[in-house]
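In case you want the letters, here they are:
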Amino acid sequence: MRKTKKLVTLSLFTAMAIGIYVIEAQIPVPIPIPAVKLGLANIISLVVLMMMGWKEALVVTLLRVILGSIFSGNLPAFLFSIVGALLSNISMIFLYQYGREYISIYSISVIGALFHNIGQLIVAAFIIQNVKIYLYAPILLVSGLITGLFVGIAAQFIYKHFKKLFFN
Amino acid sequence: MKKGDWWVFLGIGIIIICSFIGLKIYKLKNKSVDQVAIIKQNNKIIDVIELSSVKEPVIIEIKDENKKYNKIEIQSGRIRFIESSCPDQVCVHTGWINEAGSIAVCLPNMISIEIIQAQQTKEVDDVVY
């Protein structure tokens, strides 16, 4: 891919991720538990990982978390977001690089979502200095399973159509 | 869906089930260990009972100078007003209470029972709900 095209594509993906992130922050969650949310912005991370490679996916995720936290006015949650997003992205990259033949994108997405929640739990336990926060773990695992599956299906769908658009 | 997916989902399912079992065990343990009932009359603590250490059902009677009385029954892990001289009988109808944070009150006689975690009695001066 030419350098300019790559730059534009990455910028577009980052913009999309931030847009999704900001809009998602406005959607009320039916369950009153802090860390439960859809994680739709993860779709973009997954698509970039599949289409362009792991370095680009990491860059897009980092930019999305930093800029998204600023734009959505949710800066206190920045630490939660960045640890969760990095952990989830690294696990997905690892699985995609080495386990692509054995597991589909759905599993990769689910594991990514679970690691996102685990990262947030770790940060929360550090911040409030109380291990009892891990009592949330079962609920977060279930929510991660559901949202991760949804994100995986969405990413697979987008990937199928974006491939024709960008790489013809 | 590829072959490895089933193993992934099986593993995640096992982890989730284990975490729920762990949560259940933790809650059960906490429930039986350290719950304390505090009985107050006129806002003064008159009795503190560790509910889990009660083996046989006990009935205690609290009287005040105006011939008002309340009978409180205590069993292992739970406590209730069994009889009261007050006209509305709200405290009796509250029934058994057994969870930390729950409370039964007899307003006319100024008597209340509340259950708190045992650690809180050591660390906190007073608990307001």
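No experiment lies behind these values; they were computed from the predicted model shown.

Here is what the cut-offs are and how they apply
Residues numbered from 1 in each chain as written. Chains lettered and ligands numbered in written order. Predicted model: local features only at pLDDT ≥ 70, side-chain atom pairs only at ≥ 80, totals over all residues. Helix = DSSP H or I, 4+ residues; strand = E, 2+ residues; numbered from the N terminus. Buried ≥ 20, exposed ≤ 12 C-beta atoms within 10 Å, placed from the backbone. pLDDT = per-residue confidence, 0-100. Contact = placed C-beta atoms within 7 Å. Nonpolar A, V, L, I, M, F, W, Y, C, P; charged D, E, K, R; others polar. Pairing = 2+ DSSP bridges. Axes fitted to C-alpha atoms, helices over the stretch in contact; angles between N-to-C directions.

### What about the overall build of chain B?
Across its full length, chain B carries three helices and seven strands. Listing every helix and strand of chain B by position from the N terminus yields α-β-β-β-β-β-α-β-β-α. Relative to its full complement of 129 residues, chain B shows a buried share of 15%.

### Overview of the confidence of the model for chain B
Across chain B, pLDDT averages 80, with 87% of residues at or above 70. The complex prediction reports pTM at 0.65, with the ipTM value standing at 0.72.

### Digging into the interface of chain B and chain A
Taken together, the contact between chain B and chain A spans twelve residues of the former and 15 residues of the latter. By residue class, the composition of the side of chain B that touches chain A is seven nonpolar, two polar and three charged.

### Brief notes about the sheet that holds strand β5 (residues 78–84) of chain B
Residues and elements named next belong to chain B. Spatially, β3-β4-β5 is the arrangement adopted by the three strands of the open sheet, whose pairing is antiparallel. Whereas interior strands pair on both sides, the edge strands pair on one side only; in this sheet they are β3 (58–63) and β5. For this sheet the average axis-to-axis angle between neighbouring strands, irrespective of direction, equals 25°. Pairing between β3 and strand β4 (residues 69–75): six bridges, direction antiparallel. Bridged to Ile62 within β4 is Asn70.

### Points about the sheet that holds strand β1 (residues 35–41) of chain B
Residues and elements named next belong to chain B. Read across the sheet, four strands follow the order β2-β1-β7-β6 without closing on themselves; strand pairing throughout is antiparallel. Among the strands making up the open sheet, the edge pair consists of β2 (44–50) and β6 (103–106). Across the sheet, the mean angle separating the axes of adjacent strands is 20° when strand polarity is ignored. In this sheet, strand β7 (residues 111–117) lies alongside β1 in antiparallel orientation, the contact comprising seven bridges.

### Describing unusual backbone geometry
Residues and elements named next belong to chain B. Positive phi outside glycine occurs at Asn42, with the angle close to 50°. When you line up the elements, Asn42 lands in the loop between β1 and β2. You can call Asn42 exposed: it has 10 C-beta atoms within 10 Å. Not every positive phi belongs to a glycine, and Met110 is a case in point at roughly 60°. Relative to the helices and strands, Met110 resides in the loop between β6 and β7.

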